[in-house]
Amino acid sequence: MNASSSANAPCGPEEGETPSLQGPTADMIDWTPVCSLDALIPDVGVRALVGEEQVALFRLSGLGEVFAIDAFDPFSKAPVLSRGIVGDLNGQLVVASPIFKQHFNLETGSCLEDAAMSVRTYQTRVVAGRVEIASGLSRGNGEGR
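This write-up is about the structure you can find in this document.

The rules behind these values
Throughout this document, residue positions are counted from 1 along each chain, in the order its sequence is written. Given that the model is predicted, a residue must reach a pLDDT of at least 70 before its local features are reported, and side-chain atom pairs must reach 80 or more before they are shown or counted; all residues, however, enter totals for whole chains, interfaces and linings. The side-chain quantities take in all heavy atoms of the structure and omit both hydrogens and water. Elements are defined by DSSP. Helices are runs of H or I of four residues or more, strands are runs of E of two residues or more, and each kind is numbered from the N terminus. Exposure categories follow from relative accessible area, calculated using a 1.4 Å probe and restricted to protein chains: below 20% of the type maximum is buried, above 50% is exposed, and the middle band is partly exposed. In what follows, salt bridge is the name for a side-chain nitrogen of Lys or Arg lying within 4 Å of a carboxyl oxygen of Asp or Glu. Residue contacts are defined here by distance: any two heavy atoms, one from each residue, within 4.5 Å place the two residues in contact. Pairing between strands is defined by DSSP: at least two bridges between them are needed. To obtain each axis, a line is fitted to C-alpha atoms, and for helices this fit is confined to the stretch in contact; angles are then taken between N-to-C directions over 0 to 180 degrees. Two rings from Phe, Tyr or Trp (for Trp, the six-membered ring) form a pair when their centres sit within 6.5 Å of each other. Planes less than 30 degrees apart are called stacked, planes more than 60 degrees apart edge-to-face, and all others tilted.

### Some details on unusual backbone geometry
Thinking step 1. A positive phi angle is found at Lys-77, which is not glycine, with a value near 60°.
Thinking step 2. The topology assignment puts Lys-77 in the loop between β4 (65-70) and β5 (85-89).
Thinking step 3. Even without a glycine there, the phi angle at Asn-90 is positive, about 55°.
Thinking step 4. Among the residues examined, Asn-90 registers a relative accessible area of 72% and is labelled exposed.

### Structural notes on the pattern of salt bridges
Thinking step 1. In this structure the tally under the stated criterion is two salt bridges.
Thinking step 2. Of the charged contacts in the structure, one is a salt bridge between Glu-53 and Arg-120, with a shortest N-O distance of 3.5 Å. Taken together, the residues span a long stretch of sequence, with Glu-53 in strand β3 (residues 53-60) and Arg-120 in the loop between β7 (103-105) and β8 (121-127) at a distance of 67 residues.
Thinking step 3. Across the salt bridge formed by Arg-125 and Glu-132, the nearest N and O atoms sit 2.7 Å from each other.
Thinking step 4. The buried category is assigned to Glu-132, whose relative accessible area is 3%.

### What to know about the side chain of Ser-82
Thinking step 1. Summarising the element assignment, Ser-82 is placed in the loop between β4 and β5.
Thinking step 2. What makes Ser-82 buried here is its relative accessible area of 5%.
Thinking step 3. Those residues in contact with Ser-82, other than ones at most four positions away along the chain, are Gly-45, Val-46, Arg-47, Ala-56 and Phe-58.

### Focus on the sheet that holds β5
Thinking step 1. If you walk across this open sheet you meet the three strands as β5-β6-β7, and the pairing is antiparallel. With partners counted over all chains shown, the strands left at the sheet margins are β5 and β7, one partner each. Across the sheet, the mean angle separating the axes of adjacent strands is 40° when strand polarity is ignored.
Thinking step 2. With five bridges joining them, β5 and strand β6 (residues 92-96) adopt antiparallel strand pairing. For Ile-85, the partnering residue across the bridge sits in β6 and is Ala-96.

### A look at the packing of aromatic side chains
Thinking step 1. In this structure the tally under the stated criterion is one aromatic pair.
Thinking step 2. For the pair Phe-75 and Phe-104, a centre-to-centre distance of 6.2 Å together with 45° between the ring planes defines the contact as tilted. Here Phe-75, found in the loop between β4 and β5, pairs with Phe-104, found in strand β7; they are 29 residues apart in sequence, far enough to count as distant.
Thinking step 3. A relative accessible area of 25% means that Phe-75 is categorised as partly exposed.
Thinking step 4. Take Phe-104: its relative accessible area is 0%, and that puts it in the buried class.

Below you can see the structure in the form of structure tokens.
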């Protein structure tokens, strides 16, 4: 998928709510429209090109939230994280890399098996049924890359 379509009125993760952010306000963030929320199958990842970044998107069933992380797996050095299996591991929402099976926290990007490794995470929101990703702002820092 390529982030080439546009969306309008801002709203939060659930229609009518504003995302809570620390630092810049939602009005100060550049949001990139990525795809329709309906295009994301619950619990199945998809890879999208956002600017020049390959991002893995996950819509988790039962949560009503979309998570976005860097698609690049720092262990296999391949953009495969969108093909990983999502789940709950010890109370953390994770995706397991399809290559070497390391688990990455979907909220922080931290690797559960190796604290020195992590992937970048991105803030998301849904506006008028379209998923948007915050440009330049991430939840985690992806220091392991």
